[in-house]
Amino acid sequence: MSILRSQVIGCGSYLPARIVTNAELATLVDTSDEWIVQRTGIRQRHIAADDEPTSVVGLKAAQDAIADAGIDASEIDLIIVATATPDHTFPATATQIQAALGITGGAAFDVQAVCSGFVFALATADKFLSTGGARTALVIGAETFSRILDWEDRATCVLFGDGAGAVVLQAVPGKGTLADRGVLTTHIRSDGRYKDKLYVDGGAGSTKTVGFLRMEGKEVFRHAVNNLAETVRHTFAETGLTGADIDWFVPHQANRRIIDATADKLGISHDHVVLTVDRHGNTSAASIPLALAEAHKDGRIKPGQLVLVEAMGGGFTWGSALIRW
């Protein structure tokens, strides 16, 4: 049976030039490099310049992905941007990137699922491509989380960074088997009962302010490991695969301990995990595409390999996707 698969044909990234180390943060709040590394695995993060809003970092990642795909931007008929830090309440950041790329056709819109945003956007794009609703999609995860951090809260300001990653997907005929290249399966979930565990304490419709990020770290950690393992087990049950079959595990880069614990639960060797959290920090919706781009560019991820991505974010939201590269 012939079906349409969403094949990854390009991958790109952008990180702001400014790097903030743990040592620099220790001059702002009561913390230390040892404390941060021990609890999170983070050693540094990138911070966007004043003239780098989310649309700009997203555009640069998009241009990198389009160049990697070797296509003209005019071929793209769907743009989805995953972000929790849009330039404006509206219009969508995706429309700004669409205009900057010179694209006037197709659709462009944002998806808001916080750290799970890229997985949600990827799943959405896959539905368009696999049903013939679009031909070529640009999926971007872009964040400037530094704009919503309370730089006096040592529990949160040490965790996050800015950046963007992107993939270009194209609808390609497949045979409907696990041997097909492209997105093989996606699973996304939400449970709004846990809103107060990870949220921003402001918004246009409530406080009329931007607000700051607030988090109950221990609760988020507990739910993350269980929820992430659950969504991947659905993938394994659907495909008959196990952790030993995964060539590369590319998780949301929030916390090294969460990543290690999840890999252990799923039976995935740490040697098959792509890690960027030490250098990027938690870049929310940008973390997975940034890690994908790094492993793609340095040759670790090769055509035909199985790549598993997963994330959990505020809401709570969580999800996973299995891709044959």
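Residues numbered from 1 in each chain as written. Predicted model: local features only at pLDDT ≥ 70, side-chain atom pairs only at ≥ 80, totals over all residues. Heavy atoms only, no water.

Attention now goes to the overall build of the protein chain. Across its full length, the protein chain carries 10 helices and 13 strands. For the protein chain, the C-alpha radius of gyration of 18 Å lies close to 20 Å, the compact-globule estimate for 325 residues. Referenced to the eigenvectors of the C-alpha coordinate spread, the extents of the protein chain come out at roughly 60 × 45 × 40 Å. Split into buried and exposed, the 325 residues of the protein chain put 55% on the buried side. For the protein chain, contacts bridging at least 24 residues in sequence account for 75% of all contacts bridging at least 6. Carbon and sulfur atoms form 52% of the exposed surface of the protein chain, whose accessible area is close to 13000 Å². (Helix = DSSP H or I, 4+ residues; strand = E, 2+ residues; numbered from the N terminus. Rg over C-alpha atoms; globule rule 2.2 N^0.38 Å. Buried < 20%, exposed > 50% of the residue type's maximum accessible area, 1.4 Å probe, protein only. Contact = heavy atoms within 4.5 Å. Areas by Shrake-Rupley, 256 points an atom, 1.4 Å probe, with all protein chains shown as cover.)

To continue, consider the pattern of salt bridges. If you walk through the whole model with that rule in mind, you get 16 salt bridges. A salt bridge links arginine 189 to glutamate 230; the shortest N-O distance between them is 3.0 Å. Separated by 41 residues along the polypeptide, arginine 189 in strand β8 (residues 182-190) and glutamate 230 in helix α7 (residues 217-239) bring together distant segments of the chain. What makes glutamate 230 partly exposed here is its relative accessible area of 27%. Close ionic contact of arginine 193 with aspartate 191 constitutes a salt bridge, the shortest N to O distance being 2.6 Å. Taken together, the salt bridges that share partners define one network made up of Asp278, Arg279, Glu294, Asp298 and Arg300. (Salt bridge = Lys/Arg side-chain N within 4 Å of Asp/Glu carboxyl O.)

Moving on, we get to the pairing of strand β13 (residues 317-324). Most of β13 is tucked away: eight of the eight residues are buried. What you see with β13 is no split at all: Thr317, Gly319, Ala321 and Ile323 on one side and Trp318, Ser320, Leu322 and Arg324 on the other are buried throughout. Two elements, β8 and β13, share eight bridges in a ladder whose sense is antiparallel. Note on β13: the bridge partner recorded for isoleucine 188 is glycine 319. (Pairing = 2+ DSSP bridges.)

What follows concerns the state of the cysteines. Summed over all chains, the structure comprises zero disulfides. A disulfide-free cysteine, cysteine 11 has its sulfur positioned 19 Å from the sulfur of cysteine 115, the nearest such atom. Assessed through its relative accessible area of 0%, cysteine 11 is described here as buried. In this model cysteine 115 remains outside any disulfide bridge; the closest cysteine sulfur is found in cysteine 157, 16 Å from its own. (Disulfide = S-S within 2.5 Å.)

What follows is about helix α8 (residues 256-266). Three or four residues apart is the spacing at which side chains of an α-helix point the same way, because the helix has 3.6 residues per turn. Among the residues of α8, Ile258, Ile259, Thr262, Ala263 and Leu266 are the ones counted as buried. Buried residues in α8, looked at end-on, bunch into an arc of 130°, giving them a common side. Looking at the buried positions of α8, the neighbouring elements they touch are α7, β11 (248-251), α9 (277-280) and β12 (306-313). With its phi angle positive at about 75°, glycine 267 sits one or two positions after the end of α8. (Arc of directions from axis to C-beta.)

Along the chain, serine 146 turns up in the loop between β6 (136-144) and α6 (154-157). Within the local environment of serine 146, its side chain forms a polar contact with the side chain of aspartate 162, the two groups lying 2.6 Å apart. (Polar contact = N/O pair within 3.5 Å; in protein donor to acceptor, adjacent residues only side chain to side chain.)

Quick look at the sheet that holds β13 now. The four strands lie next to each other as β8-β13-β12-β11, forming an open sheet whose pairing is mixed. The open sheet has two free edges, formed respectively by β8 and β11, since each of these has just one partner strand. With direction set aside, neighbouring strand axes in the sheet form an average angle of 10°. Across eight bridges, the pairing between β12 and β13 is antiparallel. If you follow valine 309 over to β13, its bridge partner there is alanine 321. Against the sheet, α8 makes contact with β11 and β12, and its axis sits at roughly 140° relative to β11, the strand it touches most. Sheet contacts for helix α10 (residues 287-297): β11 and β12; angle to β12, the most-contacted strand, approximately 155°. (Axes fitted to C-alpha atoms, helices over the stretch in contact; angles between N-to-C directions.)

These figures come from the coordinates and say nothing about function on their own.
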